[in-house]
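Descriptive analysis of the structure
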Amino acid sequence: MTRFLFRALADLEGSGVNEETERLFAYHHATKHSYHSVRTNPHFLDWRNQPDPFRTYEGASLIKLPAESGFPMAGTFATMAALAKGTTDGGSKFQEVQLDMVWLSRLLWHSMAISAWKKVPRTSDRYSLRVNPSSGNLHPTETYVALLGFAGIDDGLYHYRPDLHALELRGSGNWTEQIARALVLPWATESSLIVGLTSIFWREAWKYRDRAYRYCCHDLGHAIMSLLLATCALGMPGGVVAHFSDLRVTKALGLAESDEAPMAFLVFPPESPSTSGRLTSPPQQELGGVPNELSLDEVPYDLLLGMHRSTILSDAVEPLPRVLPANIDSAQEHPPLRDPAPDVPLGPTVRRRRSALDFDPRTPPMERQQVEQLLDFATRDWPTDWRGNFGGETTSAERGADFVTPYLYVHRVRDCEPGVHRWDKSSRRLVQLHCGNVERVAAYLSLEQALAGNACFAVSMIADLTVASRVFGNRGYRYVHFEAGAIGQRLYVGAEALGWSATGIGAFYDDDVHRYLGFLEEGEASVGASLRAAEHAALVMLGSPSSRLAAQDQDWREPAAVISESGEEHLSGPPQFRKNEEGASPRKDPRTLPQQVVYHFAVGRAIPDPRLEA
Ligand SMILES: Cc1cc2nc3c(=O)[nH]c(=O)nc-3n(C[C@H](O)[C@H](O)[C@H](O)COP(=O)(O)O)c2cc1C
């Protein structure tokens, strides 16, 4: 196994560059897409070298999880609301939960398991899709569970195999204590369950090259939220710990020579006296199983590896910085929280969720109330250490810190004027910034992907990179992308629950988004000019979903340039927004812009996907 990740970290002992935050901005800028860059720097996929989407540990004992047998009837929005309050769906802090193989099976089946299959056109090949979405369906995230006191299964550290819905035993004994100590969480040493998530950057870099670090972090955010919602519905609310010493945790998990980077842990504080005082055996240090080779040949992507390296925290982790971003406005009067109605059960919703290939622009509009419900619940609080509301036996009642603000391109929403709107989290309402048909603009900005124009609405998630990096150093880069993914996951399942569909969009023309939204001063290259050029080349094809399907089929037949990752008022340039969002003049330098786009999304009526198996 080639180990570029391991080599990139090899000389980091004792020193770190987390505080050198110019690295964060340099990486972000260097991995921006532009109309020009995707045409001058095409990438051809090497299908023979495609990484295996499944990690296996050869020789490790395999434990099949029982077939799924029911999931609580918790509502989708009710679970999002409960997560925000740090309670279970029933409203209590803890629920009497029988922790056993069936509980674990339900959890993983409704968060990280395979949930559908697609056929490759004109061949007999098929490929799997999972409950958690992933850019390019490449799935860089691996799941580990440390179990203590579960009925019917030995204490130990296990790797989850979504392809078999099974666990591979990596080491027996009290691993929750070992992981809690590595994370420096004395209150969690008697936890029954800690879920560890790692990322295999190469899986994603194979297709997306250096930009893949962003996607790995988005995927992590989706996986985190997928697991948090399922555990919350299953009566065990927990939170996320992501601010840890990478070197210590990597060693503690036995990943020191691996191609996997530990990125986040879901920690569930011990709740019942049944585990405390119980005799446990120390964790077995010799780990079972040999990890499989994912590819013939791993290609190093230095910008990506350098970015990850710059987010590493050295062994001496200082206390978590106090988060006081400008966007927490505790003095302001907030409207009462909406009831989670209408609602449908979470279990079948997450298993049914699929990314839309494209949307039908002839659909009747979404109701404004549905859009507001969706955004309200997708941006509710959730417990994590970096948000400042998780880190002890109890979840803090304080609202966590947000780094991401959604801007909407509204196309088809009843009682809502088409144009650009900002979602205001404090007042939980849409603030209109610009009126006009922005279908073509949204599609163009989303790397010329028609689905963002055919949707009912599309979203640019704008993150405050300056605040995140000021508080957390380069590590903040992970957190803003986790947050964007966590919002995205709730948009996906919330849209599904309301009878609509969604698609995450990791590919966009970064600085054109900034120009269009008024963060960046108009330069030589105007959005209008690029959009006109794209239209001229017939690349923005709205209202023709079938053409997009044909383009996707093409991907499977032959190596293709990855541009395929995939109208507006007068195309005379960006709109004049009513007022500048920052209250200051737009910046001139795209490299150091404080607010940068980190994720796009689209929600609408999905066109049928003929590749999906019934
Ligand atoms: C971070 C992220 C970025 C994505 N970017 C795009 C995109 O730019 N265009 C697109 O059509 N789909 C995009 N998708 C959707 C994935 O292609 C989709 O999740 C994957 O094929 C698996 O399908 P599923 O979501 O139905 O499980 C993205 C998904 C994620 C999570």
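None of these values were measured; they are calculated from a predicted model.

All right, on to the packing of helix H2 (residues 22-30) against helix H10 (residues 302-310) then. The contact between H2 and H10 brings their axes to 10 Å, and the two run at 150°. Taken as axis vectors, H2 and H10 run roughly antiparallel relative to one another. H2 and H10 meet at a crossing whose hand is left-handed. In this structure, H2 uses Arg23, Leu24, Tyr27 and Ala30 to contact H10, whose residues at the interface are Leu303, Met307 and Ser310. Here the contact of H2 with H10 is built from residues that sort into five nonpolar, one polar and one charged.

Looking now at the sheet that holds strand S8 (residues 193-199). Strand order in the open sheet formed by seven strands is S2-S7-S6-S5-S8-S10-S9, with antiparallel pairing between adjacent strands. Strand pairing shows two members of the sheet lacking a second neighbour, strand S2 (62-64) and strand S9 (239-241), which therefore form its edges. For this sheet, the mean angle separating the axes of adjacent strands, direction not counted, is 30°. When strand S6 (residues 156-161) meets strand S7 (residues 166-172), the two strands line up antiparallel, connected through six bridges. The residue bridging glycine 156 from the neighbouring strand is serine 172, located in S7.

Backbone-to-backbone hydrogen bonds pair the strands of a sheet. The strands run either parallel or antiparallel. Pairing is antiparallel in the open sheet, where six strands are placed in the order S16-S15-S13-S17-S19-S18. This sheet does not close on itself; its edge strands, each paired only once, are strand S16 (429-435) and strand S18 (501-505). Recorded for the sheet is a direction-independent mean angle of 25° between the axes of neighbouring strands. The sheet contact formed by strand S15 (residues 419-424) and S16 spans six bridges and is antiparallel. Pairing of tryptophan 423 across the sheet is with leucine 430, part of S16. Relative to strand S17 (residues 457-464), helix H15 (residues 465-472) is tilted by about 40°, and along the sheet it contacts S17 and strand S19 (595-604).

Where helix H8 (residues 212-233) meets helix H16 (residues 475-497), the axes come as close as 7 Å, and the angle between the chain directions of the two elements is 50°. If you check the angle between H8 and H16, you find them oblique. Crossing hand, H8 versus H16: right-handed. Within the contact between the two elements, H8 uses Arg214, Cys217, His218, Asp219, Leu220, Gly221, His222, Ile224, Met225 and Ser226 and H16 uses Arg478, His481, Phe482, Glu483, Ala484, Gly485, Ala486, Gly488, Gln489 and Arg490. Of the residues in the contact of H8 with H16, the class split is seven nonpolar, eight polar and five charged.

Time to look at the confidence of the model for the chain. Per-residue pLDDT for the chain has a mean of 87; in total, 82% of the residues score no lower than 70. Predicted confidence for residues 545-551 stays below pLDDT 50, and this span has 11 contacts to residues more than four positions away or in other chains. Counting interchain partners and residues more than four positions distant, the pLDDT-below-50 stretch residues 553-572 has 40 contacts.

This part takes up the pairing of strand S4 (residues 126-130). One ladder, built from five bridges, connects strand S3 (residues 114-119) with S4; its direction is antiparallel. Residue tryptophan 117 lies in a different strand from S4, and its bridge partner there is serine 128. In textbook terms, the turn of a hairpin is the stretch between consecutive antiparallel strands, and for S3 and S4 this stretch comprises six residues, one of which, arginine 122, has a positive phi near 60°.

The ligand sits among 21 residues. The nearest are Pro133, His218, Ser355, Gly504 and Gly506. For the shell around the ligand, the element with the most residues is H8, which contributes four residues. A per-class count over the shell around the ligand returns five nonpolar, 12 polar and four charged. When residues are assigned to domains, the shell around the ligand turns out to be shared by domain 1 (4-32 + 45-310) and domain 2 (356-604), each giving three or more.

Time to look at the nonpolar core. Counting residues in hydrophobic clusters, the biggest one holds 171 residues, and the most contacted among them are Ile224 and Phe457. For this core, the leading source of residues is H8, giving 15 residues. Shared between two domains, this core holds at least three residues of each, these being domain 1 (4-32 + 45-310) and domain 2 (356-604). Here phenylalanine 457 is in contact with Val371, Leu408, Tyr409, Val410, His411, Val413 and Val603, once residues within four sequence places are set aside.

A few words on the environment of asparagine 454. Mapping asparagine 454 onto the fold places it in helix H14 (residues 451-454). Here asparagine 454 falls in the buried class, since 30 other C-beta atoms lie within 10 Å of it.

Looking now at unusual backbone geometry. If you check the backbone angles, histidine 139 has positive phi at about 50° while not being a glycine. Tracing the sequence through the fold places histidine 139 in the loop between S4 and strand S5 (141-147). With 24 C-beta atoms counted inside 10 Å, the residue histidine 139 sits in the buried group. One non-glycine residue, valine 184, lies in the positive phi region at around 55°. For valine 184, a count of 15 C-beta atoms within 10 Å gives the class partly exposed.

This next bit is on helix H17 (residues 510-517). Every α-helix carries 3.6 residues per turn, so stepping three or four residues along brings you back to the same face. The element H17 is extensively covered by neighbouring structure, given that eight of its eight residues are classed as buried. Restricting attention to buried positions, one finds in H17 the residues Asp510, Asp511, Asp512, Val513, His514, Arg515, Tyr516 and Leu517. Two residues or fewer after H17 comes glycine 518, characterised by a positive phi angle close to 90°.

Quick look at H10 now. For H10, the full list of buried residues reads Leu304, Leu305, Met307, His308, Arg309 and Ser310. Turning to H10, the residues buried within the fold contact helix H1 (4-9), H2, helix H7 (201-208), H8 and strand S10 (261-267).

Let us look at the pairing of S10. For S10, the tally of buried residues reaches seven of seven residues, placing the bulk of the element in the interior. One ladder, built from three bridges, connects S9 with S10; its direction is antiparallel. Opposite valine 240, over in S10, you have leucine 266 as the bridge partner.

What counts as what
Residues numbered from 1 in each chain as written. Predicted model: local features only at pLDDT ≥ 70, side-chain atom pairs only at ≥ 80, totals over all residues. Axes fitted to C-alpha atoms, helices over the stretch in contact; angles between N-to-C directions. Helix = DSSP H or I, 4+ residues; strand = E, 2+ residues; numbered from the N terminus. Parallel < 35°, antiparallel > 145°, perpendicular 65-115°, else oblique. Left-handed = near helix turned anticlockwise from the far one by under 90°. Contact = placed C-beta atoms within 7 Å. Nonpolar A, V, L, I, M, F, W, Y, C, P; charged D, E, K, R; others polar. Pairing = 2+ DSSP bridges. pLDDT = per-residue confidence, 0-100. Near = placed C-beta within 6 Å. Domains from an automatic or database assignment. Core = buried A, V, L, I, M, F, W, Y, C linked by C-beta atoms within 7 Å. Buried ≥ 20, exposed ≤ 12 C-beta atoms within 10 Å, placed from the backbone.

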